[in-house]
Structures are given as C-alpha cells and as structure tokens.
Amino acid sequence: MATSDSTPLPVSAPLAPKKENIIPVGSKIAELNESRTELLSRIQGLKQDLQNWRSKLDTQVKIYRDELTELKKTLNVEVEQLRTEFQELRNTLHQQQEDVTASLRNLGLQDVSEGAKDAEDPKVEAKDEEVHTSPIKENVQEVQK
C-alpha cells in the first residue's frame with residue numbers, strides 16, 4: 001500500500017495574470033475617481049435637499065404654531081365671553097325666579113287674606129246674592145201678571 005506521504009504534492013505555480021483580465025491600473029483608478037466624484041456630488045445634493053426640506057419644514061411648523069397660538073387666544077376669548085354671558089343669564093334667571101317667587105308669595109298672601117275675609121263675612125256674600133237676584137225675581141213676577 002502506498003502512503004500519501006510518498007506521493008509528492010503538486011506545487012502551486014505563481015498566479016500568472018491572464019491577458020484578458022488585465023486592465024491598466026491607471027484607467028481603473030481614473031474610473032474609480034470619477035465614480036467617487038459622482039457619488040460625492042450626489043451626496044452633496046442630497047444633503048442640500050435635506051437642508052432645504054428641513055428649512056421648509058421649520059418654516060411650516062413655525063407658521064402652524066403661530067396659527068394655533070392665535071386660534072387658542074381667540075378660543076380662550078370666546079370661551080371667556082360665553083362664561084360671562086352664561087353668568088349674566090344665570091343672574092337674570094335667578095333674579096326672575098326670585099321675582100316670581102315673591103309675586104307668588106304676594107298672591108298667596110292675598111289669597112289667604114281674601115279667604116280669611118270670606119270666612120269672616122259669609123253672610124255678606126249671601127245678602128249680595130239675594131240683592132242681585134231679588135230684582136230679577138220681581139221682574140219675572142211682573143211679567144207673569
């Protein structure tokens with residue numbers, strides 16, 4: 001049996017560049033420099049676009065904040081006006097309620113005082129009714145004769 005130690009290993013030959021794969025190094029460097037310049041200009045353009053976008057965004061945010069501040073002030077003024085108007089309405093309603101209550105009390109007192117007078121003089125009303133009815137009865141009697 002042969003051992004692997006006795007078999008000589010093939011020696012690798014130094015890599016010899018093939019003529020098809022050889023590109024002049026100078027032209028490759030020039031191409032890479034051109035590509036690098038193009039990429040750098042594109043990056044610079046993107047940076048500028050981003051800066052412009054941020055500037056526009058900041059301007060819009062400032063405008064919207066100013067508008068919101070104005071709207072908030074206007075809303076607060078209107079809310080305060082509504083509060084004042086509602087307070088005035090409450091006061092007016094309360095005053096009207098007190099006036100109605102006082103009027104009802106006065107009417108209630110007058111009703112009670114009239115009821116007390118009626119209770120004291122029930123005969124007066126009966127006499128008044130008789131006085132009013134008696135001329136009618138007389139007229140009816142005269143017509144019948």
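Read on for an overview of the structure.

Each value, and the rule that gives it
- Residue numbering note: each chain is counted from 1, following its sequence as written.
- Side-chain atom pairs in this predicted model are given and counted only at pLDDT of 80 or more, local residue features only at pLDDT of at least 70, and totals for whole chains, interfaces and linings cover all residues.
- Only hydrogens and water are set aside when side-chain values are computed; all heavy atoms of the structure are taken into account.
- Only runs of H or I of at least four residues qualify as helices and only runs of E of at least two qualify as strands under DSSP, and these elements are numbered from the N terminus.
- When a residue's accessible area, from a 1.4 Å probe over protein chains only, is under 20% of the maximum for its type it is buried; when over 50% it is exposed; and in between it is partly exposed.
- All accessibility values rest on the Shrake-Rupley procedure with a 1.4 Å probe; residue burial counts only the protein chains present in the view.
- Should a side-chain nitrogen of Lys or Arg be within 4 Å of a carboxyl oxygen of Asp or Glu, the pair is scored as a salt bridge.

This paragraph deals with the overall build of the protein. Within the protein, the secondary structure is distributed over two helices and zero strands. Going through the 145 residues of the protein one by one, you find that 0% of them count as buried. Carbon and sulfur atoms form 58% of the exposed surface of the protein, whose accessible area is close to 14,400 Å².

The next subject is the pattern of salt bridges. A complete count under the given rule lists two salt bridges for this structure. Among the ionic pairs, Asp66 bridges to Lys62, the shortest N-O distance being 3.7 Å. With Asp66 and Lys62 both in helix H1 (residues 25–120) and four residues apart, this pair spans about one turn of that helix. When the shortest N-O distance is used, the salt bridge between Arg83 and Glu80 registers 3.7 Å. A residue pair is termed a helical-turn pair when its members lie 3 or 4 positions apart in one helix, as Arg83 and Glu80 do in helix H1 at three residues. Using a relative accessible area of 54% as the deciding quantity, one classes Arg83 as exposed. Residue Glu80 is classed as partly exposed on the basis of its relative accessible area, which comes to 44%.

As far as function goes, none of this settles anything; it's purely spatial.
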